[in-house]
Amino acid sequence: LEKAFSFKTVSDPLVIMSAQAGFNYRKENYMPWGKSNLPPDALKELRLRFNYPVKAEEAKNLIKVTIGNLDTDFSAQQFDENTVDIFLNGVIPFETKVKVSVLDSKSSVLFTSLEKFKVINVQAYESATKSFPISINFSHRVNPETILYNIRTVPELQIQKDNIEISGNVVTLYNLSVNCG
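Counting starts from 1 at the beginning of each chain's written sequence and moves along it residue by residue. It should be noted that, the model being predicted, local features are given only for residues of pLDDT at least 70 and side-chain atom pairs only at 80 or more, the latter also being counted only at that level, while totals for whole chains, interfaces and linings use all residues. Think of the side-chain values as coming from all heavy atoms in the structure, minus any hydrogens and water.

Draft legend 1. Broad picture of the confidence of the model for the protein. Across the protein, pLDDT averages 90, with 98% of residues at or above 70. A residue's pLDDT is simply how confident the predictor is in it, with values from 0 to 100. Helix and strand definitions here come from DSSP, where helices need a minimum of 4 consecutive H or I residues and strands a minimum of 2 consecutive E residues; each element is numbered from the N-terminal end. Strand β6 (residues 83–88) holds the highest mean pLDDT among the elements of the protein, 98, whereas helix α1 (residues 25–28) holds the lowest, 90.

Draft legend 2. Representation of the sheet that holds strand β8 (residues 108–112) within the structure. Two strands are counted as paired when DSSP detects at least two bridges linking them. An order of β4-β3-β7-β8 is seen for the 4 strands of this open sheet, with the pairing classed as antiparallel. Two strands lie at the open edges of the sheet, namely β4 (70–71) and β8, each paired on one side alone. Here strand β3 (residues 63–67) runs beside β4; their pairing, made up of 2 bridges, is antiparallel. For I67, the partnering residue across the bridge sits in β4 and is L70.

Draft legend 3. The environment of E95, seen in detail. One can find E95 in the loop between β6 and β7 (97–102). C-alpha separation for the pair E95 and G68, spaced 27 residues apart in sequence, amounts to 9.2 Å. Every residue in contact with E95, bar those within four places of it in the chain, is listed here: S113, L114, E115 and K116. Contact definition: two residues touch when any of their heavy atoms are within 4.5 Å.

Draft legend 4. How the structure looks around the pairing of β6. Burial within β6 is extensive, with 5 of its 6 residues counted as buried. As judged from the 5 bridges shared by strand β2 (residues 45–50) and β6, these two strands associate in the antiparallel manner. Residue pairing in the sheet places E45 in a bridge with F87 of β6. In the sheet, strand β5 (residues 74–80) pairs with β6 via 6 bridges, with the strands oriented antiparallel. For Q78, the partnering residue across the bridge sits in β6 and is V84. Buried, partly exposed and exposed residues are distinguished by accessible area as a fraction of the type maximum, computed with a 1.4 Å probe on protein chains only: under 20%, between the cut-offs, and over 50%, respectively.

Draft legend 5. Representation of the nonpolar core in the model. Core analysis: the largest hydrophobic core is formed by 27 residues, its most contacted members being L46, L48 and I86. Secondary-structure elements contributing two or more residues to this core are β1 (16–21), β2, β3, β6, β7 and β8. Side-chain atoms within 4.5 Å link the members of a nonpolar core, which is a set of buried Ala, Val, Leu, Ile, Met, Phe, Trp, Tyr and Cys residues. Judged by nonpolar contacts, the second largest core, of 11 residues, contains I147, I151, I164 and V171.

Okay, here's the thing in structure tokens:
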């Protein structure tokens, strides 16, 4: 070489390629896939896969986690070469955003905890097997153990277990002493 030269290399920024909440929670509880409307306890454990290897002990220096607008502390555990499981400390309220951001990068992922339990819609329909069925679609799954004691009608109707069918977040009432229409 006749002349000295120098060069500089720049690696791609660290990016969160995928994120999953509730990987252990899901083993014992029903939980929808996705990043929104998740149980707060499920949001306490997040599995983050990066575009290149990250050591769990370095995670605190590479990412920031906020619950609402507050930074939160977390611990980290290695899952595989590119994947780190983080465990959030603190309380995650309902209707709250949990954001994981890579420092010095534009990469982030946003999760939201459960919204308030509410009725999405009510629909009466005709059925060959059920008398006057009415389906009630809720925002979340319904607990079959407690639904019977939490249904109120005006005027008051006698609702028994035989009048209720539950499928996830849909409750169907049928064979009641009413006439729809």
